[in-house]
Amino acid sequence: MVEKIELELDRLTFERAKTLAIVNKSTLPELITHVIERLAEIQEKKDPLMGLYADVPEIVDEIVAEAMEKRGYTSRSDE
């Protein structure tokens, strides 16, 4: 599934993005996708614990829900 977004960039950033896309033989959407993927990889290296669960967000949700429950918080659906 592809989502459509609209970005507002200053002229210099836009020109840099176009140049990078040309140099990398890609389109602007491909360039942005690649940049996001690289930033995600960098973030996983900075936070290896969360990186372990990057492909299974439901496990992270369960961990957070259990931690909140143990601290006395309840989810809105439980109220």
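What counts and how
- Along each chain, residues carry numbers from 1 onward, in the same order as the chain's sequence is written.
- Under the rules for a predicted model, residues below a pLDDT of 70 receive no local features and side-chain atom pairs below 80 are neither given nor counted, while totals for whole chains, interfaces and linings still include all residues.
- Computation of side-chain values covers all heavy atoms of the structure but excludes hydrogens and water.
- Definitions used for this entry: grid spacing 1 Å over protein atoms alone; cavity, a set of points where a 1.4 Å probe fits but cannot get out; pocket, an open set with protein on both sides within 12 Å along at least 5 of 7 lines; lining residue, one with an atom within 4 Å of a point.
- Grid points are joined across faces, edges and corners, and a volume is the space filled by probe spheres set on the points.
- A run of DSSP states H or I qualifies as a helix once it reaches four residues; a run of E qualifies as a strand once it reaches two. Both are numbered from the N-terminal end.
- Amino acids outside the nonpolar list (Ala, Val, Leu, Ile, Met, Phe, Trp, Tyr, Cys, Pro) and the charged list (Asp, Glu, Lys, Arg) are all regarded as polar, and Gly is one of them.
- By definition here, a salt bridge exists when the distance from a side-chain nitrogen of Lys or Arg to a carboxyl oxygen of Asp or Glu is within 4 Å.
- Relative accessible area decides the class of each residue, using a 1.4 Å probe on protein chains only: under 20% of the type maximum gives buried, over 50% gives exposed, and in between gives partly exposed.
- Multiply 1.5 Å by the residue count of a helix minus one, and that product is the helix's expected span.
- Under this definition, polar contacts are N or O atom pairs within 3.5 Å; protein pairs additionally need one hydrogen-donor-capable and one acceptor-capable atom, and for neighbouring residues in sequence, both atoms have to be side-chain atoms.

(A) The layout of surface pockets, seen in detail. The space that makes up the largest pocket amounts to roughly 480 Å³. Lining the largest pocket are 18 residues; nearest its centre among them are I5, L7, L28, P29 and I32. Those elements giving two or more residues to the lining of the largest pocket turn out to be α1 (11-23) and α2 (28-46). Counting residues per element, the lining of the largest pocket draws most heavily on α2, which supplies 7 residues. A per-class count over the lining of the largest pocket returns 13 nonpolar, 2 polar and 3 charged.

(B) Looking closely at the pattern of salt bridges. What the rule picks out here adds up to 3 salt bridges. Between R11 and E15 there is a salt bridge, and its shortest N-O distance comes to 3.1 Å. Placement of the pair is R11 and E15 together in helix α1, with a separation of 4 residues, close to one helical turn. Taking the shortest distance from any N to any O, the salt bridge between K18 and E15 comes out at 3.6 Å. Pair noted here: K18 and E15 are both in helix α1, with a separation of 3 residues, about one helical turn. Given a relative accessible area of 26%, E15 falls into the partly exposed group. Through salt bridges with shared partners, a single network forms among R11, E15 and K18.

(C) Molecular detail of unusual backbone geometry. If you check the backbone angles, K25 has positive phi at about 50° while not being a glycine. As for its position among the elements, K25 is in the loop between α1 and α2. Judged by its relative accessible area of 79%, K25 is exposed.

(D) Fine view of α1. Helix length check: α1, at 13 residues, gives a terminal C-alpha distance of 18 Å against a target of 18 Å (1.5 Å per residue), a fit within 8%. Measuring from the backbone nitrogen of L12 back to the side-chain oxygen at the start of α1 gives 3.2 Å, which picks out D10 as the cap. Looking one or two places after α1, you find K25, whose phi comes out positive at around 50°.

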